[in-house]
Amino acid sequence: KIRQSIASAQDVLDRRVAGQPAAVNAVVSALRKAITGLSAAHQSEGSEGPRAVLFFAGPTGTGKTEMAKAISQIVFGQEQLLRFDCGELRQEHAVARLIGAPPGYVGFERGGELTEGIRAKPNSVVLFDEIEKAHPRLLDTLLGVLDDGRLTSGQGETAYFGQAILIFTSNLGMYEEIQIPGGRTSRRARFGYETPFAEIQQKVRDAIREEFVTGLGRPELLGRFGGAESIVVFDYLRNLHRVCQKFIVNVGRACHRLHGIDLSVDDAVIERVVNRTLSRPDALLLGGRGLKPELDRLLTDPLSDYIFQHPASGANRTVQVIVDGEGVRFITASS
């Protein structure tokens, strides 16, 4: 069954993670290696390393988390995700949060979120967001997981990662800090939509290599990821129309499921949402997330008001959404 799922992974990922053909191809290749036992984690005889280890890099809001969820659905049949924000794991004591405090320390009875999570559900995708922000001790802890596929909790119980998939993400190389009036700093994108993806990919990989070798002093950790050339770099969302269409399809499914409404949205609505999104100064920083507030303002909020004010009378109905001035208008027909 897993082989069948992997066989269709290309199509599934293309649908779920819009506008990322290079990332999709890299992930499909990694999954095939994992299922055939030829991933780096399993090339040594008797290895118990994770099924696969992936490192996602690139702009915010471009599908890295969605890719992790999709991988979980493909491999395990459900979106079984253990997610950790490494920005919250900057302090040394944060390691105890993952593996549990040793006997005699506060929190001993609770166990660790990572070790207990894997012991309860070994078939999971474990996602570490912005790994470069983690405390060095956590990085050392993860080295053991990547090498041996096991981790001993503060209670002395061993969690095995041989069935898990580990995914690390990073925004390194995508943004730079600039000084703004008042002595504060702000973040801006290093690249624009005009920058070719090949250039973004190389510069992001170079920045991550530099951070792990020089900044963090953990070149061996980068090696466990397969080196800088194995980093899966995500591109800017250059086709926001397709991403917006995907969001609208999700809204339409909810309308049909909850209210018996078949939603039909004119292309002009999508065009206006995309144009307003691209006109925002933070468009490159937000990626697909920048579409959500504009989509809410133009479509979801007025649609909610319309459905509330015009409750269903039993029969299914079609609601067409068209642009009308600065907003939208709804046209209802019984089906």
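Refer to the structure printed above.
Here we summarise the structure given alongside this text. (Residues numbered from 1 in each chain as written. Predicted model: local features only at pLDDT ≥ 70, side-chain atom pairs only at ≥ 80, totals over all residues. Heavy atoms only, no water.)

Turning our eyes to something else, we now look at the overall build of the protein chain. A count of helical and extended segments in the protein chain gives 13 helices and 12 strands. Taking all 335 residues of the protein chain together, 45% fall into the buried category. Nonlocal contacts in the protein chain, meaning residues at least 24 apart in sequence, comprise 69% of its contacts between residues at least 6 apart. For the protein chain, the computed accessible surface area is about 16500 Å², with 49% contributed by carbon and sulfur atoms. (Helix = DSSP H or I, 4+ residues; strand = E, 2+ residues; numbered from the N terminus. Buried < 20%, exposed > 50% of the residue type's maximum accessible area, 1.4 Å probe, protein only. Contact = heavy atoms within 4.5 Å. Areas by Shrake-Rupley, 256 points an atom, 1.4 Å probe, with all protein chains shown as cover.)

Across the interface, helix α3 (residues 21-35) lies against helix α4 (residues 64-76) with an axial gap of 12 Å and an inter-helix angle of 35°. In the crossing of α3 with α4, the sense of the turn from one axis to the other is right-handed. On α4, the residues touching A23, V24, V27 and L31 of α3 are M67, I71 and V75. Residues belonging to the contact of α3 with α4 are distributed by class as follows: seven nonpolar, no polar and no charged. (Axes fitted to C-alpha atoms, helices over the stretch in contact; angles between N-to-C directions. Left-handed = near helix turned anticlockwise from the far one by under 90°. Nonpolar A, V, L, I, M, F, W, Y, C, P; charged D, E, K, R; others polar.)

Time to look at the packing of aromatic side chains. Enumeration according to the criterion identifies nine aromatic pairs in this entry. Between the aromatic rings of F168 and F225, the centroid separation amounts to 4.7 Å while the plane-to-plane angle is 50°, which identifies the pairing as tilted. One end of the pair, F168, is in strand β6 (residues 165-170); the other, F225, is in the loop between α9 (219-224) and β9 (232-233), with 57 residues separating them in the sequence. Pair check on accessibility: F168 and F225 agree, each one buried. Summarising the aromatic geometry, the rings of F212 and F225 are spaced 6.0 Å apart at their centres and angled 90° between planes, so their arrangement reads as edge-to-face. (Phe/Tyr/Trp six-rings, centres within 6.5 Å; stacked < 30°, edge-to-face > 60°.)

The next point concerns the state of the cysteines. A complete count under the given rule lists zero disulfides for this structure. Not part of a disulfide, C255 finds its nearest cysteine sulfur in C244, a span of 14 Å. C255 gets classed as buried once you look at its relative accessible area, which sits at 5%. (Disulfide = S-S within 2.5 Å.)

Time to look at unusual backbone geometry. Unusually for a residue other than glycine, E130 sits at a positive phi of about 50°. One can find E130 in the loop between β3 (125-129) and α7 (136-148).

With that settled, the discussion passes to the environment of V75. Mapped onto the elements of the fold, V75 is located in helix α4. You can call V75 buried: its relative accessible area is 9%. As a C-alpha pair, V75 and V28 span 47 residues in sequence and 11 Å in three-dimensional space. In contact with V75, not counting residues within four places along its chain, are I2, I6, L31, R51 and I165.

Moving on, we come to the nonpolar core. Core analysis: the biggest nonpolar cluster contains 44 residues, and F55, L114, F128, I131, F161, F168 and I208 have the highest contact counts within it. Ranked by residue count, the leading element in this core is α7, at six residues. Once residues within four sequence positions are removed from consideration, F161 is found in contact with E48, G49, P50, R51, L114, I118, V145, G149, R150, L151 and L166. (Core = buried A, V, L, I, M, F, W, Y, C linked by side-chain atoms within 4.5 Å.)

It is worth spelling out the environment of T65 at this point. For T65, the position within the fold is in helix α4. Residue T65 is classed as buried on the basis of its relative accessible area of 15%. As for T65 and L89, which are separated by 24 residues in sequence, their C-alpha atoms are 19 Å apart. Setting aside its immediate chain neighbours within four residues, T65 contacts R83, L127 and D129.

The side chains of a regular strand alternate between the sheet's two faces. The buried fraction of β6 is high, at six of six residues. Here β6 shows a buried face lined by I165, I167 and T169 and a second buried face lined by L166, F168 and S170. Taken together, the four bridges between β3 and β6 define a ladder with parallel strand orientation. The partner of F128 across the bridge, within β6, is F168. (Pairing = 2+ DSSP bridges.)

Another point: the packing of helix α10 (residues 240-259) against helix α13 (residues 291-309). Where α10 contacts α13, the axes come no closer than 11 Å and their chain directions differ by 25°. Between α10 and α13, the interaxial angle falls into the category roughly parallel. As α10 packs across α13, the resulting crossing turns out to be right-handed. Mapping the contact onto sequence places L240, V243, C244, F247, I248, V251, C255 and H259 in α10 and L291, K292, L295, L299, T300, L303 and I307 in α13. (Parallel < 35°, antiparallel > 145°, perpendicular 65-115°, else oblique.)

Here we come to the environment of V204. Looking at the element boundaries, V204 is found in helix α8 (residues 197-215). Each C-alpha atom of the pair V204 and L172 lies 6.7 Å from the other, and the pair is 32 residues apart in sequence. Non-local contacts of V204, meaning those with residues more than four positions away in its chain, are made with A57, L172, G173, M174, F191 and V233.

A separate point is the sheet that holds strand β2 (residues 81-85). In spatial order, the strands read β2-β3-β6-β1-β9; together these five strands make up an open sheet with parallel pairing. Looking at which strands have only one partner, the edges of the open sheet turn out to be β2 and β9.

Here T141 shows up in helix α7. On the basis of relative accessible area, T141 is assigned to the buried category, the value being 17%. Not counting residues within four places of it along the chain, the set of residues in contact with T141 comprises V95, I99 and L151.

These figures capture arrangement, not role.
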